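Here are the chains, one letter per residue:
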Amino acid sequence: MIEIKNLYKSYGPVDVLNGINLTLDQKGIIAILGPNGSGKTTMIKTILGMVIAQKGDILLNGESVKNKWSYRDQISYLPQIANFPQNLSVTELIGMIKNLRTQQADDVALIELFGLTPFLDKKLGTLSGGTRQKVNIVLTFMFDSPLVILDEPTTGLDPVALIHLKKIINEEKQKGKMILITTHIMNLVEEISDQVIFILDGNIYFNGTVSGLKSQTKQTNLEHAIAAILEKNHA
Amino acid sequence: MLKILKYSFFDLARSRWSYIYFLFYLLLGFILFFLNHEVSKAVITLLNIIIILTPLIGTIFGVMYYYSSKEFTELLLAQPLKRTTIFIGQYLGLSLSLSLSLILGLGIPFVLYGVFLSSAIWNFTMLLLIGGFLTFIFVALSFLIGLSFNDKIKGFGVAILLWLFLAVIYDGIFLLSMILFDDYPLDKFALAMTMFNPIDLSRILILLKLDISALLGYTGAVFQKFFGTNFGMIISMTVLSLWILVPSWFMVKKALKKDF
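Residues numbered from 1 in each chain as written. Chains lettered and ligands numbered in written order. Predicted model: local features only at pLDDT ≥ 70, side-chain atom pairs only at ≥ 80, totals over all residues. Heavy atoms only, no water.

### Quick notes on the overall build of chain A
The helix and strand inventory of chain A stands at eight helices and 10 strands. Its C-alpha atoms give chain A a radius of gyration of 18 Å, near enough to 18 Å, the size a compact globule of 235 residues would have. Burial status across chain A gives 52% buried among its 235 residues. Partitioning the intrachain contacts of chain A with sequence separation of at least 6 by distance along the chain shows that 68% fall at a separation of at least 24. With an accessible surface of roughly 10,500 Å², chain A has 51% of that area assigned to carbon and sulfur atoms. (Helix = DSSP H or I, 4+ residues; strand = E, 2+ residues; numbered from the N terminus. Rg over C-alpha atoms; globule rule 2.2 N^0.38 Å. Buried < 20%, exposed > 50% of the residue type's maximum accessible area, 1.4 Å probe, protein only. Contact = heavy atoms within 4.5 Å. Areas by Shrake-Rupley, 256 points an atom, 1.4 Å probe, with all protein chains shown as cover.)

### Quick notes on the overall build of chain B
Looking only at helices and strands, chain B features 11 helices and zero strands. Listed by position from the N terminus, the elements making up chain B come as α-α-α-α-α-α-α-α-α-α-α. Over its C-alpha trace chain B gives a radius of gyration of 19 Å, about what one expects of a compact globule, namely 18 Å for 260 residues. Every one of the 260 residues in chain B was classed for burial, and the buried ones make up 54%. Here chain B displays about 12,400 Å² of accessible surface, and carbon together with sulfur accounts for 75% of that area. The averaged location of the 12 negative side-chain charges in chain B is 12 Å from the averaged location of its 18 positive side-chain charges. (Lys, Arg positive; Asp, Glu negative; His and termini not counted. Charge placed at Lys NZ, Arg CZ, Asp CG, Glu CD.)

### What to know about the packing of helix H2 (residues 90-101) of chain A against helix H4 (residues 129-141) of chain A
All names here are of chain A. Axis separation between H2 and H4 bottoms out at 11 Å; the angle between their running directions is 25 degrees. The angle between H2 and H4 falls in the class roughly parallel. Read as a crossing pair, H2 and H4 show a hand that is right-handed. On the side of H2, the interface is formed by Val 90, Leu 93, Ile 94 and Ile 97, while H4 contributes Val 135, Val 138 and Leu 139. (Axes fitted to C-alpha atoms, helices over the stretch in contact; angles between N-to-C directions. Parallel < 35°, antiparallel > 145°, perpendicular 65-115°, else oblique. Left-handed = near helix turned anticlockwise from the far one by under 90°.)

### Some words on the pattern of salt bridges
In the structure shown here, the tally under the stated rule is 12 salt bridges over all chains. In this structure, Lys 167 of chain A and Glu 171 of chain A form a salt bridge, with 4.0 Å as the shortest nitrogen-oxygen distance. You can see Lys 167 of chain A and its partner Glu 171 of chain A sitting in helix H5 (residues 159-174), four residues apart, about one turn around the helix. The salt bridge involving Arg 203 of chain B is made with Asp 171 of chain B; its shortest N-O contact spans 3.2 Å. (Salt bridge = Lys/Arg side-chain N within 4 Å of Asp/Glu carboxyl O.)

### Comments concerning helix H6 (residues 121-148) of chain B
Taking 1.5 Å as the rise per residue, H6 of chain B with 28 residues should run 40 Å; its terminal C-alpha atoms sit 41 Å apart, in good agreement. Burial analysis of H6 of chain B places 24 of its 28 residues in the buried class, which makes it a mostly covered element. (Expected span 1.5 Å × (residues − 1).)

### Side note on the sheet that holds strand E4 (residues 55-60) of chain A
Residue and element names in this part refer to chain A. Taken together, four strands build an open sheet; the order of strands is E2-E1-E4-E5 and the sheet is antiparallel. Looking at which strands have only one partner, the edges of the open sheet turn out to be strand E2 (14-24) and strand E5 (63-64). The pairing of strand E1 (residues 2-11) with E2 spans eight bridges and is antiparallel. Directly across from Tyr 8, in E2, lies its bridge partner Asn 18. (Pairing = 2+ DSSP bridges.)

### Focus on the pairing of strand E8 (residues 178-182) of chain A
Residues and elements named next belong to chain A. Summarising burial for E8: five of the five residues are buried, a large majority. Inspection of the sheet shows strand E3 (residues 28-33) paired to E8 by five bridges, in the parallel sense. By the bridge assignment for E8, Gly 28 is matched with Met 178. Looking at chain direction, strand E7 (residues 147-151) and E8 are connected through five bridges and run parallel. By the bridge assignment for E8, Val 148 is matched with Ile 179. With H5 bridging E7 and the parallel E8, this β-α-β connection has right-handed handedness. (Right-handed = clockwise from strand over helix to strand, strands pointing away.)

### Regarding the sheet that holds strand E9 (residues 195-200) of chain A
All names here are of chain A. If you trace the six strands from one edge of the open sheet to the other, you get E6-E7-E8-E3-E9-E10, paired in mixed fashion. At either margin of the open sheet sits one strand with a lone partner, and together these are strand E6 (75-78) and strand E10 (203-208). Put simply, the sheet's adjacent strands are angled 15 degrees from each other on average, direction ignored. Helix H7 (residues 210-217) rests against E9 and E10 of the sheet, and its axis sits at about 110 degrees to E10.

### Topic: the environment of Leu 12 of chain B
Residue and element names in this part refer to chain B. Considering the arrangement of structural elements, one finds Leu 12 in helix H1 (residues 2-13). It is 17 Å that separates the C-alpha atoms of Leu 12 and Ala 140, two residues lying 128 residues apart in sequence. If we ignore the near neighbours within four places in the chain, the residues touching Leu 12 are Ser 18, Tyr 65, Gly 93, Leu 94 and Ser 97.

### A few points about the interface of chain B and chain A
Counting residues at the interface gives 23 residues for chain B, matched by 28 residues for chain A. Summed over both sides, the interface of chain B with chain A buries roughly 2,300 Å², with 57% coming from carbon and sulfur. Counting the contacts that link chain B with chain A gives one salt bridge. The residue Asp 259 of chain B makes a salt bridge to Lys 9 of chain A at a minimum N-O spacing of 2.6 Å. Our enumeration of links across chain B and chain A arrives at 12 residue pairs in polar contact (both at pLDDT 80 or more). Sorting the residues of the side of chain B that touches chain A by element identifies H1, helix H4 (70-77) and helix H11 (230-257) of chain B as the ones contributing at least two each. (Buried area = accessible area lost by both parts, 1.4 Å probe. Polar contact = N/O pair within 3.5 Å; in protein donor to acceptor, adjacent residues only side chain to side chain.)

### Some remarks on the confidence of the model for chain A
When pLDDT is averaged along chain A, the result is 87; 99% of the residues meet or exceed 70. When mean pLDDT is compared element by element in chain A, E8 of chain A scores highest at 92, while helix H8 (residues 222-234) of chain A scores lowest at 81. (pLDDT = per-residue confidence, 0-100.)

### Points about a nonpolar patch on the surface
Residues and elements named next belong to chain B. Taken together, the side chains of Phe 30, Leu 100, Leu 104, Ile 108, Leu 112 and Tyr 113 define a hydrophobic patch exposed on the protein surface, amounting to about 530 Å² of accessible area. Summarising the element assignment, Ile 108 is placed in helix H5 (residues 83-112). Taking the relative accessible area as the measure of exposure, Ile 108 reaches 37% and is therefore partly exposed. (Patch = residues over 30% accessible without salt bridge, like charges linked within 9 Å, V, L, I, M, F, W, Y side chains within 5 Å.)

### Regarding unusual backbone geometry
All names here are of chain A. In this model, Asn 6 sits at a positive phi of 50 degrees, which is unusual for a non-glycine residue. Position of Asn 6 among the secondary structure elements: in strand E1. Phi at Asn 67 takes a positive value of approximately 55 degrees, unusual for a residue other than glycine. Along the chain, the position of Asn 67 falls in the loop between E5 and E6. A relative accessible area of 80% means that Asn 67 is categorised as exposed.

Written out as structure tokens, the structure is:
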């Protein structure tokens, strides 16, 4: 369970999070939506402790994450940009993360599934964006963590990989995990999400289901529903 | 922390630059012996090179490594690891690998030319120790600079300026103030000024060890009185250690507050 209490974060004069209050206690897939720069990634990074908020607190299963680090073994995180050390090979990177986390990891099946076997000995700097994203996905899903956070997981993926990704996300959901996902692809949200959270200007604008969001905006299409919110607020 | 240290160390051990740095010292050592066959003379020549070069290399490598390992750092930050562990581990990994390049690079030619049999063995050890100190100090300072500036170019510029200040400009100001306030007793002042610059402190420490302090005239006598004693030695080693500890403490402080 994640409880976000009155979370404030600004980068210099720019306010990114304006006192977010949010409780996530439902298992399943939770989509975090919002326009560019609305604070989605910042919120995710505060949960991970990578960004340090000025005010407010985040409780994970009732415990504050401030200045803590060991709770991160409960989280699998897929960063938005697959930035890896350039001069490591794929095998070395996977081995390193396994060694650092000292948890049971199942990477072989995932490597097979995403067809990464020919790239295992290649340096990460030489891989294409899509291949790097596949490595990113393997690194995220090889551990069995109760909380999975995916920041734009679909970037650069081909349709085959996308299908595999959706399948994995659904499998993880079946295991009773909580999966947070940010994306701009509305089809994906409609297809897989159980709950939708819409962030606008650093505040929670909507928290409910896809159909709830549609009926509130009187739109039949999710993409149009989102557009309606944005137009209403920026008109 | 040991794991991070190990990864940083091996990452560097595979990089071309560590070998170039190592080979440079190796070559330097052999050239020195080619030019003058006496070990003690080679030590003096080496002093001037080490005093300037180890801080410069420490600074440049420190900043370069900090910015180029940003991705690695971000990856680690999402793992169940303490921030302090991550940064101290990387810091030690880089400092140790640079120190090792220095010690091996110079050690091999000196050992081959019989440093163990000569009386210069202690001076040589002292020189390497000081080189190690300077490496640790300047890597800590440059990590601190890297953490303070998100812009790579800015960070690089500030780091080079810091080196330039401590290696060159500081001495200029020092000398100028000595000339300007010539009429006053300046020995205490000079002693204090030396403590505030790790490069100066190292230089004086080795010069006095080499027993050529007579070259320094009156101030040299004061310095000899201070640094020549065990007390002076302990104080200067403590100050050099503080030069490592204080910047690394600030580095950790900064790292704990930073957003990634």
